[in-house]
Amino acid sequence: MKKKIIAVLIFIGIAGGGFVWMRSKNAEAPTRSILATIQRGTINVFVSASGVIVAKNQIDLKTNGSGMITRIPVTAGDSVRAGQVLISLDAKDAFISLKQAQAGLESARANYQKVLSGASGPDIEVSRAAVISAQTSLDNAKKNLLDVKAQQNLLVKNSYHTFLNSGLMNSGVSSSGFGATPGPSNLSGTPPTISGTYTGEERGEYKISIYDAGGWRFLVSGLETADGTVNVNYPVPLGTKGLYIQFPSTIYNQDTWTIAIPNTRASNYLANQNSYQSALQNQTQAVHTAENSVQSAEASLIQSQAALSLKQAAARPEDVAIARAQIQNAEAQVLAAETALQNRTVVAPFYGRVGNIAVRVGQQIGPGDILAVLVADDFMAQVSLNEVDAANIKSGQRASLTFDAIPDFTLSGRVSDIDLVGSAVQGVVTYQTKISFDVSDARLKPGMSVTAAIITDSKADILEVPSTAVKTQNGQSFVEVVNASADQQAGTETNNRAIVLTQPTVRQNVTIGITNNQMTEIRGGLTEGTWVVTRTVQPTMATTQPTGNSAIRLPNFGGGGGGRR
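Residues numbered from 1 in each chain as written. Predicted model: local features only at pLDDT ≥ 70, side-chain atom pairs only at ≥ 80, totals over all residues. Heavy atoms only, no water.

### Considering the pattern of salt bridges
Tallied over the entire structure, the rule returns 13 salt bridges. With a shortest N-O distance of 3.5 Å, Arg40 and Glu528 are connected by a salt bridge. Residue Arg40 is found in strand S2 (residues 39-55), and its partner Glu528 is found in the loop between strand S30 (519-524) and strand S31 (531-537); the two are separated by 488 residues along the sequence. By relative accessible area, Arg40 is classed as partly exposed at 43%. Of the charged contacts, one joins Glu331 and Arg109 as a salt bridge, the two residues approaching to 4.0 Å between their closest N and O atoms. Taken together, the residues Glu331 in helix H5 (residues 317-342) and Arg109 in helix H2 (residues 92-115) connect sequence positions 222 residues apart. Accessibility expressed as a relative area gives 36% for Glu331, which makes it partly exposed. Several salt bridges share partner residues, and in doing so they unite Arg40, Asp461 and Glu528 into one network. (Salt bridge = Lys/Arg side-chain N within 4 Å of Asp/Glu carboxyl O. Helix = DSSP H or I, 4+ residues; strand = E, 2+ residues; numbered from the N terminus. Buried < 20%, exposed > 50% of the residue type's maximum accessible area, 1.4 Å probe, protein only.)

Below, the structure is given as structure tokens:
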């Protein structure tokens, strides 16, 4: 009896262990991986935005006049050309006012001709004499201007030459501030005597050096280049610009002297410089005064000629002025009447379509009332962008557009305009952006909802991989590469199909480029055709349910009663 009980318990244990093992086996079902290959393609990075269709040009038609509408020759939806009459108002009073204004203008012109009468002979002769006198004054002023310019030029030139000759008219040692300055290695203590007057226009220096060529000679450089024989008895020319040099009785080979033009160490240097500056100022002032005299004489001549013309016109200036003012006033009245008559009709300012008509025949309207809406046939999309997306948008970027009202319809376009200044509503800044359509479609109407995908970046023929395959750790991007050589399933399974890998993946660091959250550019680290894991699928925890009656039947045991002993 005990042996049977032990056997039953062992069987129950084995059966229970098998049941637990089956549950454990189901719970440990392997993870499946979805794979993709590195391939070449095109990645477009885009910004999405929503908005509505608007007309490229849409205006409210108004009139500055008031009155009753007498005619509306168009209906909503009609295509109209520029200048076509859309709405007419009662124009009888405006037409009468125009005729009256035109009659007033003709009367003013007739009166102007009537008041034109010639002046007397003596008055005309006096005015003619005034013109001759004014012409003489002008001629004298112009001659005086030429004389002043010549005189002032001479004074400035003389003052400038005096300034350039500062300290050149005397001889002496270098400490006196005049004449030639010896070089630092000179053996001779007596400088040469400089005489004459410098006639050149340039500022600078003469460099003089002594050399022995079988006889003493001197070499000149700087402002001029010359070569001469040293003479201690009388002056010899120092170049060709008016200066002379006489050397001391004692000279040495390689002695040098410098003559500054002008000599800033001379005692009269500042005085001569101030005189030259004063001469320049006097020249400017004198010429300016003479030019003003010419301008004044020209104005006087013009005035005298105008006075003579008025008298020769046989009318007093005040009468002519009054008559002319009457004409100008009448012309203004005609213009106002013409404008009032034009305001009795509303015309289309451009080619387009009548959006809607807000008035009817017989209705009284006032200035500023909206009578109709004119919409251009060309439409565009107007979408709102947040400040982050707007920073990446510029004119000319391509866009793809879809419309809620037209399913499965896509239209291409291009960004044509973006607001320079955003609009802030409750702290959110948006920028209105307009997108022109590449082609038109009769189904599109203003006010329809539109969604735009604006391409901000695009690269073609690049290596790409699904963005879910790229992971980042510590700033380094990497992918999980399938060991295709050991796991043949990777080379035979289709992209995006979940499979069980038999070999572990290899982490491969990569350099990425642009991404649109669906696909990512691979710039380095992988080659075309490499298999990578895009994501993994965890198995669902399964629970094994026994089939049939849940009671465990053991051999030699009945279903319900007691057993044998």
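So that's the structure; there's more coming.
### Some words on the packing of helix H3 (residues 121-164) against helix H4 (residues 269-312)
In the contact formed by H3 and H4, the axes pass within 8 Å of each other and the chain directions differ by 170 degrees. Overall, the two elements H3 and H4 adopt an arrangement that is roughly antiparallel. (Axes fitted to C-alpha atoms, helices over the stretch in contact; angles between N-to-C directions. Parallel < 35°, antiparallel > 145°, perpendicular 65-115°, else oblique.)

### Some details on the nonpolar core
Core analysis: the largest hydrophobic core is formed by 28 residues, its most contacted members being Leu401, Phe403, Ile435, Phe437 and Leu444. Those elements that provide at least two residues to this core are S2, strand S18 (370-375), strand S19 (379-386), strand S20 (398-403), strand S21 (406-418), strand S23 (428-437) and strand S24 (449-466). Among the elements that take part in this core, S21 stands out by supplying five residues, more than any other. Membership of the second largest hydrophobic core comes to 27 residues, among which are Tyr160, Phe218, Val220 and Leu238. (Core = buried A, V, L, I, M, F, W, Y, C linked by side-chain atoms within 4.5 Å.)

### Brief notes about H5
Taking 1.5 Å as the rise per residue, H5 with 26 residues should run 38 Å; its terminal C-alpha atoms sit 37 Å apart, in good agreement. When H5 is considered as a whole, its buried residues turn out to be Val320, Ala323, Ile327, Ala330, Val334 and Ala337. Its buried side turned inward, H5 meets H2. (Expected span 1.5 Å × (residues − 1). Contact = heavy atoms within 4.5 Å.)

### Notes on the confidence of the model for the protein
For the protein, per-residue confidence averages 81 on the pLDDT scale, and residues scoring 70 or more make up 84% of the total. The low-confidence segment residues 1-26, where pLDDT is below 50, has 13 contacts with residues more than four positions distant or belonging to other chains. Within the model, the stretch residues 541-565 combines pLDDT values under 50 with 15 contacts to residues more than four positions away or in other chains. (pLDDT = per-residue confidence, 0-100.)

### With respect to the packing of aromatic side chains
Each aromatic ring pair is characterised by the separation of its centres together with the angle its planes make. Summed over all chains, the structure comprises eight aromatic pairs. Relative to Tyr276, the ring of Tyr160 lies with its centre 5.0 Å away and its plane at 45 degrees, an arrangement referred to as tilted. Placement of the pair is Tyr160 in helix H3 and Tyr276 in helix H4, with a sequence separation of 116 residues. Each member of the pair, Tyr160 as well as Tyr276, is classed as buried. The cationic tip of Arg443 hangs over the ring face of Phe409; the distance from NZ or CZ to the ring centre is 4.6 Å. (Phe/Tyr/Trp six-rings, centres within 6.5 Å; stacked < 30°, edge-to-face > 60°. Lys NZ or Arg CZ within 6 Å of the ring centre and 35° of its normal.)

### Concerning H4
For H4, which comprises 44 residues, the first-to-last C-alpha distance of 64 Å matches the rise-based estimate of 64 Å (1.5 Å per residue) to within 8%. All of the buried residues in H4 are Tyr269, Asn272, Tyr276, Ala279, Gln283, Val287, Ala290, Val294, Ala297, Leu301, Ser304 and Leu308. Looking at the buried side of H4, the elements it contacts are H3.

### Some thoughts on the pairing of S19
Consecutive side chains along a regular strand alternate between the two faces of the sheet. As paired elements, S2 and S19 share five bridges and run antiparallel to each other. Bridging from a neighbouring strand, Gly51 pairs with Val383 of S19. The pairing of S19 with S23 spans seven bridges and is antiparallel. Of the residues in S23, the one forming a bridge with Ala381 is Ile435. (Pairing = 2+ DSSP bridges.)

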